[in-house]
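Results of the structural survey
Residue strings, one per chain:
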Amino acid sequence: MEGESVNRWEEIEKAEKEKRRELVLQGANIDKKIQQAGGLNPKIYELTLLNYLEISQCPSLRVLHQGIENLLHLQSLILCRNKLSEIPKGVGSLKFLKVLDVSVNELVSLPDEVSQLGELTTLNISCNKIQTLPGGLSRCTKLSSINISKNEITKFPDDLYSDELELLSTIIASENAIEELSGEIHCLTALKNLDLSNNKLTDIPAELADCARLKEINFRGNSLKDKRLEKMVNGCQTKSVLDYLRAGGRGRGKGKPQEAGEKEGGREKERKKKADRRQKSKKETEEEEEDLNRMVVRILHVSESPAALTVKATPAVKDVRPYIVCCVVKGMNLKPGNALKRFLTAQIKLHDEICEKRTAATIATHDLQLVKGPLLYDARPPKTLKIIPLGRKEMKAVDLVRQLQLEAEEQRKQKRRQNVSGLHKYLQLLDGKENYPCVVDADDHVISFPPITNSDKTKMRKSTRELFVEVTSSTSLQICKDIMDSLIVKMAELNKFTFDHREEATSDGEDGPARREEAVEPPGDETASPELIVQQVRIADTDGNLKVVYPSKTDLNVDVRNLTVIR
C-alpha cells in the first residue's frame, strides 16, 4: 500500500482525467513525492495534451527523463529552482516550445538540440554553472529574450551576433566572466535592453551605438580602459553613453585643420565654430548632469524572472478584504546612515495620507530573503490565526486586536480626545468579521495581518536589499495600484538621495548596535547605482486563473520629473 501511495500522484491523475492543458507541480509536497519515488512519476510524460508544464522549487529533482520529448504540444516548460544537472537532448523535439526556463539549477551546459527550437521566444538559464552557450542559436529566429545571468560564461558564441535574430530585443548576461563584446553586436537590429554588468569587459565597441532601438544598457561593474566611459556607465543614461561611443570616445569634438585657400572671413567662421562647440559642450554637460539626477525604475516581467514569487488568493478573502497587489523591489540600499529610518518614516507618512490612516489601504513591506513562497492570501478565524507581530511575542489575532483596542482607548483618554484616533479607525475595519485577512507563506506562517501588522519574522533590516511589497484594501483594486505607484516613486527618491549623499553606515539601527564589519560596504557592492528593479508578481485564484499582475503596462504611468520607467 505504501508503494502505491508513493507512485500515485493525484495531480497527474487529475490532469489526465480532465484532459488539462496546464500542469503546475511545485513546493514541498511535490518535492517529498519526488524524493520518495526517486524522481518524477513517469506518467507525467504521457500527458501529451499539455502546452504548459511547470515543475519548480523541488530540490530533489536532479534528473529529467528523455520522455520529455513525448510532450510535443508544450509551449512553455518551466523547470526553475530545482537541482537539475542536465537537460535531456529530447527537449529539441518540442517544436512548438516558446518559453524554456531552467533558471536556478545546477546545470553546467545546455544540449545543442536547444537550437532546434524554431518557435522559442524566451530562454532563461540564469543562476546555473553554465560556461558555454550551445551553438546554432541563430536558428532560433523567433528569440526575443535571453537571460543567461549568474553563470560562468566567458564569451558569446559568434552566431549570436546574427541578423537572423531580428526579434532579439533583450539580452541579460550580468554576473558572468565575459571578456569581450564584438562589434558585430550591431547586427541585432531589434536590441532594446542589454545588461552586461559585473563581467570582465575592458572595452565597449563603438558599433553598439548603431543599435537603433537600444533603450537600456548596463555595463556597471566592468573595469573599462576608458575611465570616463566607466564613470558614465555607472551614472548616466543610455543616450549619453551611446552618444559618447558614437562620437568616438575621448576624441570627440576635435575639428579638422583648415585647408589652404580658405576664403577671407575664415577667422570669423572659426570663432563661430568654437562658440558653437562651446555651446554644444555646455548642452552635453547639462544633459549629463540631468542624467545623473534622473531616477530609474526598471520593470522585470514575470517571463524574465527566475522562479518569480506567486500569490494565490482564496475565495475566503472576498467578504473581508478582497483587493491585493504585490511586487518585488530590488536595489534598495538601506544600510548607510539613516536610510532605513527614512524609508520607514516615509511609509508611515503614506499610511497617514494617501492610505487615510490605513482605512483606504494598507502597505506591508518584507525582507524578501525571509519570505518563503509561494504565498497564500487567505482569511482565517481570529481564534486560530496566529502571528508574531512587530516587536511582540506570538499571539492569536483575537488577542492582538483586543490588546490594541485597549491601547487605543488608553491613548484617547490620555490625550483627552473626544474623536476616535487613527488606530481606532483601522481597528474598526475588522468589526463584525468572522474571519481576518492574512498572507501566509509556504510553511503556513502568517507574515502579514492587514490592516493591523506584519510579522516580526520578515521585518525590514539594514541588510535588506530585496523587498516583497504588498498593498491590500477593502475598497478597490485601483486604490491598491495607485498607492503602490506612490510607494515605488518614493522608494526611487529615497534611494537616489542615499546614492547622492553617500552616507557612511552607522553602527546602530533598528536592531540595536551592529557589528563593525556590517557597517562597511564591501568592495564591488551593488550600490553603484540608484536604479530600482521592480519585479512583477502575479495574483491568481486557487485554480490558477490570473486576477491581477503588478506592475502592468497601465501601472507606474506617473508624471514625475526626472523619473524614467523602463518596461
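Before any of the text, the structure's been laid out above.
The following refers to the structure shown. Computed from a predicted structure; not experimentally measured.

**Some remarks on the pairing of strand β2 (residues 52-56)**
- Extensive coverage of β2 is indicated by the burial of 4 of its 5 residues.
- Taken together, the 5 bridges between strand β1 (residues 22-26) and β2 define a ladder with parallel strand orientation. Bridge assignment links Glu 22 to a residue of β2, and that residue is Tyr 52.
- The sheet contact formed by β2 and strand β3 (residues 76-78) spans 3 bridges and is parallel. Across the sheet, residue Glu 54 finds its bridge partner in β3, namely Ile 78.

**Some remarks on the nonpolar core**
- Core analysis: the largest hydrophobic core is formed by 75 residues, its most contacted members being Leu 53, Leu 77, Phe 156, Leu 194, Leu 208 and Phe 219.
- Elements with a contribution of two residues or more to this core: α2 (10-17), β1, α3 (28-37), β2, α4 (227-235) and α5 (238-246).
- In terms of residue count, α5 provides more of this core than any other element does, 4 residues in total.
- Setting aside residues up to four positions removed in sequence, Phe 156 forms contacts with Leu 133, Ile 148, Tyr 161, Ile 171, Ala 173, Ile 178, Leu 181 and Leu 196.
- Formed by 52 residues, the second largest nonpolar core is a distinct cluster that contains Val 328, Ile 483, Ile 488 and Tyr 550.

**Description of unusual backbone geometry**
- Put simply, Gly 373 and Pro 374 share a cis peptide bond, and its omega is 0°.
- Summarising the element assignment, Pro 374 is placed in the loop between β13 (362-367) and β14 (375-380).
- Look at the link from Pro 450 to Pro 451: it is a cis peptide, with omega at 0°.
- Tracing the backbone shows Pro 451 in the loop between β18 (446-449) and β19 (453-454).
- You will see that Cys 127, though not glycine, has its phi angle at about 60°, which is positive.

**Let's talk about the packing of aromatic side chains**
- Tallied over the entire structure, the rule returns 2 aromatic pairs.
- Centre to centre, the rings of Phe 156 and Tyr 161 are 6.1 Å apart; their planes meet at 85°, and the pair counts as edge-to-face.
- Geometrically, the ring pair formed by Tyr 436 and Phe 449 is stacked, given 5.5 Å between the ring centres and 20° between the ring planes. Separated by 13 residues along the polypeptide, Tyr 436 in strand β17 (residues 436-440) and Phe 449 in strand β18 bring together distant segments of the chain. Both residues of the pair, Tyr 436 and Phe 449, count as buried.

**Side note on the environment of Leu 196**
- Looking at the element boundaries, Leu 196 is found in the loop between β8 (193-195) and β9 (216-218).
- Look at Leu 196 and you get buried, because its relative accessible area is 0%.
- Spatially, the C-alpha atoms of Leu 196 and Ile 178 are 8.2 Å apart, while their sequence positions differ by 18 residues.
- When neighbours within four sequence positions are excluded, Leu 196 is seen to be in contact with Phe 156, Ala 173, Ile 178, Leu 181, Leu 201, Asn 218, Phe 219 and Asn 222.

**Some remarks on the pattern of salt bridges**
- The final tally for this structure, using the stated rule, is 20 salt bridges.
- In this structure, Glu 407 engages Arg 392 in a salt bridge whose closest nitrogen and oxygen atoms are separated by 3.2 Å. Here Glu 407, found in helix α8 (residues 397-414), pairs with Arg 392, found in the loop between β15 (386-387) and β16 (395-396); they are 15 residues apart in sequence, far enough to count as distant.
- The exposure class assigned to Arg 392 is partly exposed, which follows from its relative accessible area of 27%.
- Measuring nitrogen to oxygen at the nearest pair gives 3.0 Å for the salt bridge that ties Arg 402 to Asp 399.

**Quick notes on the sheet that holds β9**
- The 9 strands are arranged β1-β2-β3-β4-β5-β6-β7-β8-β9 in an open sheet whose pairing can be described as parallel. Here the strands that pair on one side only, and so sit at the sheet edges, are β1 and β9. On average, each strand axis in the sheet is tilted by 5° relative to the strand beside it, whichever way the strands run.
- As judged from the 3 bridges shared by β8 and β9, these two strands associate in the parallel manner. The residue bridging Asn 193 from the neighbouring strand is Glu 216, located in β9.

**A word on the packing of helix α7 (residues 339-352) against helix α10 (residues 477-501)**
- In contact at an axis separation of 11 Å, α7 and α10 are set at 155° when each is read in the N-to-C sense. It follows that α7 is roughly antiparallel to α10 by the angle criterion. By crossing handedness, the relation of α7 to α10 is classed as right-handed. Along its contact with α7, which presents Ala 339, Arg 342, Phe 343, Ala 346 and Leu 350, the element α10 presents Leu 487, Lys 490, Met 491, Leu 494, Phe 497 and Thr 498.
- Grouping the constituent residues of the contact of α7 with α10 by class yields 8 nonpolar, 1 polar and 2 charged.

**Focus: α5**
- Inspection of α5 places Thr 238, Ser 240, Val 241, Leu 242, Tyr 244 and Leu 245 among the buried residues, and these make up the whole buried set.
- Just downstream of α5 lies Gly 248, where phi reads positive at about 90°.

**Examining the packing of α4 against α5**
- At a minimum axis separation of 9 Å, α4 and α5 run at an interaxial angle of 160°. The angle between α4 and α5 falls in the class roughly antiparallel. Judged by the twist between their axes, the crossing of α4 over α5 is left-handed. Residues Arg 228, Leu 229, Met 232 and Val 233 of α4 touch α5, and the partners they reach there are Ser 240, Val 241, Tyr 244 and Leu 245.

**Overview of a negative patch on the surface**
- On the surface, Asp 158, Glu 184, Glu 207 and Asp 210 cluster together into a patch of negative charge.
- With respect to the helices and strands, Glu 207 occurs in the loop between β8 and β9.

**What about the side chain of His 366?**
- Tracing the chain through its elements places His 366 in strand β13.
- Of the polar contacts made by the side chain of His 366, one reaches the side chain of Glu 470; its length is 3.0 Å.
- Among residues more than four places away in sequence, those in contact with His 366 are Val 371, Ile 447, Ser 448, Asn 454, Thr 458, Met 460, Glu 466, Leu 467, Phe 468 and Glu 470.

Parameters and conventions
- Residues numbered from 1 in each chain as written.
- Predicted model: local features only at pLDDT ≥ 70, side-chain atom pairs only at ≥ 80, totals over all residues.
- Heavy atoms only, no water.
- Buried < 20%, exposed > 50% of the residue type's maximum accessible area, 1.4 Å probe, protein only.
- Helix = DSSP H or I, 4+ residues; strand = E, 2+ residues; numbered from the N terminus.
- Pairing = 2+ DSSP bridges.
- Core = buried A, V, L, I, M, F, W, Y, C linked by side-chain atoms within 4.5 Å.
- Contact = heavy atoms within 4.5 Å.
- Phe/Tyr/Trp six-rings, centres within 6.5 Å; stacked < 30°, edge-to-face > 60°.
- Salt bridge = Lys/Arg side-chain N within 4 Å of Asp/Glu carboxyl O.
- Axes fitted to C-alpha atoms, helices over the stretch in contact; angles between N-to-C directions.
- Parallel < 35°, antiparallel > 145°, perpendicular 65-115°, else oblique.
- Left-handed = near helix turned anticlockwise from the far one by under 90°.
- Nonpolar A, V, L, I, M, F, W, Y, C, P; charged D, E, K, R; others polar.
- Patch = residues over 30% accessible without salt bridge, like charges linked within 9 Å, V, L, I, M, F, W, Y side chains within 5 Å.
- Areas by Shrake-Rupley, 256 points an atom, 1.4 Å probe, with all protein chains shown as cover.
- Lys, Arg positive; Asp, Glu negative; His and termini not counted.
- Charge placed at Lys NZ, Arg CZ, Asp CG, Glu CD.
- Polar contact = N/O pair within 3.5 Å; in protein donor to acceptor, adjacent residues only side chain to side chain.

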